[in-house]
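Secondary and tertiary structure notes
Here is what each chain is made of, one letter per residue.
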Amino acid sequence: MTLYAKFTGATARQEAIYQPPWGPGFPVYVAEQTEVLEILASGCKGSSLKHCEFRALDNKGNLLASKQIDAV
């Protein structure tokens, strides 16, 4: 998987709560602590992604949560 997108600060917190398929749908308590949201992807074809992994990180870079989403 390669880094597809990275959000920081308030944008990362907002993106973290979006429900699939547009986001990971992390619980609010995870989103509130998120400082960096990374989206890793594989199987890119055109504008669609086949597999995504969302990673929520705190301000020290610790992993808070991760979720994989498979799109068909």
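See the structure shown above.
Now for a description of the structure that goes with this document. Residue numbers restart at each chain and count upward from 1, following the sequence in its written direction. Local features are withheld for residues below a pLDDT of 70 in this predicted model, meaning they are given only at 70 or higher, and side-chain atom pairs are given and counted only at 80 or more; totals for whole chains, interfaces and linings count all residues. To get the side-chain values, take all heavy atoms of the structure and skip hydrogens and water.

Some thoughts on the environment of N62
- Secondary structure elements are taken from DSSP: a helix is a run of H or I of four residues or more, a strand is a run of E of two residues or more, and numbering for both begins at the N terminus. Within the fold, N62 resides in the loop between β3 (51-57) and β4 (63-70).
- Each C-alpha atom, one on N62 and one on E35, is 10.0 Å from the other, the two residues being 27 residues apart in sequence.
- The contact criterion used throughout is that any non-hydrogen atoms of two residues lie within 4.5 Å. If we skip the residues at most four places from it in the chain, N62 touches A56 and L57.

Observations concerning the sheet that holds strand β1 (residues 2-8)
- In short, DSSP must find at least two bridges between two strands for them to pair. If you trace the 4 strands from one edge of the open sheet to the other, you get β1-β2-β3-β4, paired in antiparallel fashion. Every other strand in the sheet has two partners, leaving β1 and β4 as the edge strands with one partner each. Geometrically, the sheet is characterised by an average inter-axis angle of 15° between neighbouring strands, direction not taken into account.
- As defined by bridge partners, β3 adjoins β4 across 7 bridges and the pair is classed as antiparallel. When the bridges of β4 are listed, H51 appears paired with D70. Comment: axis = line fitted to C-alpha atoms, over the contacting stretch for helices; angle = value between 0 and 180 degrees taken between N-to-C directions.

Considerations on the environment of A56
- In this fold, A56 is placed in strand β3.
- Along the sequence, A56 and E38 sit 18 residues apart, while their C-alpha atoms lie 6.7 Å from each other.
- Those residues within four positions of A56 in sequence are excluded, and the remaining contacts are F26, V30, T34, V36, L37, N62, L63, L64 and A65.

A short note on the nonpolar core
- Residue types Ala, Val, Leu, Ile, Met, Phe, Trp, Tyr and Cys, when buried and joined through side-chain atoms within 4.5 Å, form a set referred to as a nonpolar core. Buried means the residue's accessible area, taken with a 1.4 Å probe over protein chains only, is under 20% of the maximum for its type, while exposed means over 50%, and partly exposed covers the values in between. In terms of nonpolar packing, the biggest core is built from 14 residues, with F26, V30, L37, F54 and A56 touching the most fellow members.
- Residue assignment for this core shows that the elements contributing at least two residues are α1 (9-17), α2 (28-33), β2 (36-42), β3 and β4.

With respect to the environment of I69
- You can see I69 is positioned in strand β4.
- Overall, I69 belongs to the buried group, its relative accessible area being 14%.
- Note: C-alpha distance between I69 and C52 (17 residues apart in sequence) is 5.2 Å.
- Setting aside chain neighbours within four positions, we find I69 in contact with P20, G23, P24, K50, H51, C52 and F54.

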